[in-house]
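Listed here are the chains, written in short residue letters.
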Amino acid sequence: MNSQTLDHIRATIRDVPDFPKPGILFKDITPVLSDPALLARSIDGMIDATGVLSVDKVVGIDARGFIFGALIAQRLNAGFVPVRKKGKLPWMTRGADYSLEYGSNSIEIHQDAIAPGETVLLADDLLATGGTAGAALALIEQSGGKIVGSTFFIELSFLNGREKLRGHGPVHALISY
């Protein structure tokens, strides 16, 4: 992706100060999502950065990861697998707990969502501290999936989230702050 397109995408992301709490500068991606050309270019860029030409499944993390993951899966002619917050999936699940700055959380995946040996790409809107993505990657491995990498729309590199993803394939981000 050329730098002019990346600059346009970056300029379209809206900064919202003090959201969801004081001191946080929230990166609002909804202006990008509402522009069909920018959204298409973003999906292309997220795929191109990985070098992945085909996978069996794309896993997206609740909730904005569903947007990116489903679109990437469609482009790669792959199945889409949602990873959701605990208690939100209707079938038999396996779960993983992960730490947050103040406390912990849990995510789940359907037990039959990924067959052993299937190739899997993780996709999400944001890589921050890496806790949620790391837990999702652990669920993919527990399912027998072969992780080919992870792709994110935005990475907050100052939070060092990549460290928690080490050993789970290459990590790519379209935009980095």
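Residues numbered from 1 in each chain as written. Predicted model: local features only at pLDDT ≥ 70, side-chain atom pairs only at ≥ 80, totals over all residues. Heavy atoms only, no water.

Draft legend 1. How the structure looks around the pattern of salt bridges. Considering all chains together, one arrives at 8 salt bridges under this definition. In this structure, the salt-bridge partner of Arg162 is Glu155, at a minimum N-O distance of 2.8 Å. Assessed through its relative accessible area of 34%, Arg162 is described here as partly exposed. Since its relative accessible area comes to 5%, Glu155 is described here as buried. (Salt bridge = Lys/Arg side-chain N within 4 Å of Asp/Glu carboxyl O. Buried < 20%, exposed > 50% of the residue type's maximum accessible area, 1.4 Å probe, protein only.)

Draft legend 2. Layout of the nonpolar core. The biggest cluster of nonpolar side chains holds 24 residues, and the ones touching the most others in it are Val58, Ile72, Leu76 and Phe153. Looking at this core, the elements that each hand over two or more residues are helix H3 (36-50), helix H4 (64-75), strand E7 (119-127), strand E8 (146-155) and strand E9 (171-176). A total of 5 residues in this core trace back to one element, the largest contributor, which is H3. Setting aside residues up to four positions removed in sequence, Ile72 forms contacts with Ile43, Met46, Ile47, Val58, Leu121, Ala123 and Thr151. (Core = buried A, V, L, I, M, F, W, Y, C linked by side-chain atoms within 4.5 Å. Helix = DSSP H or I, 4+ residues; strand = E, 2+ residues; numbered from the N terminus. Contact = heavy atoms within 4.5 Å.)

The quantities given are spatial measurements derived from coordinates; they are silent on function.
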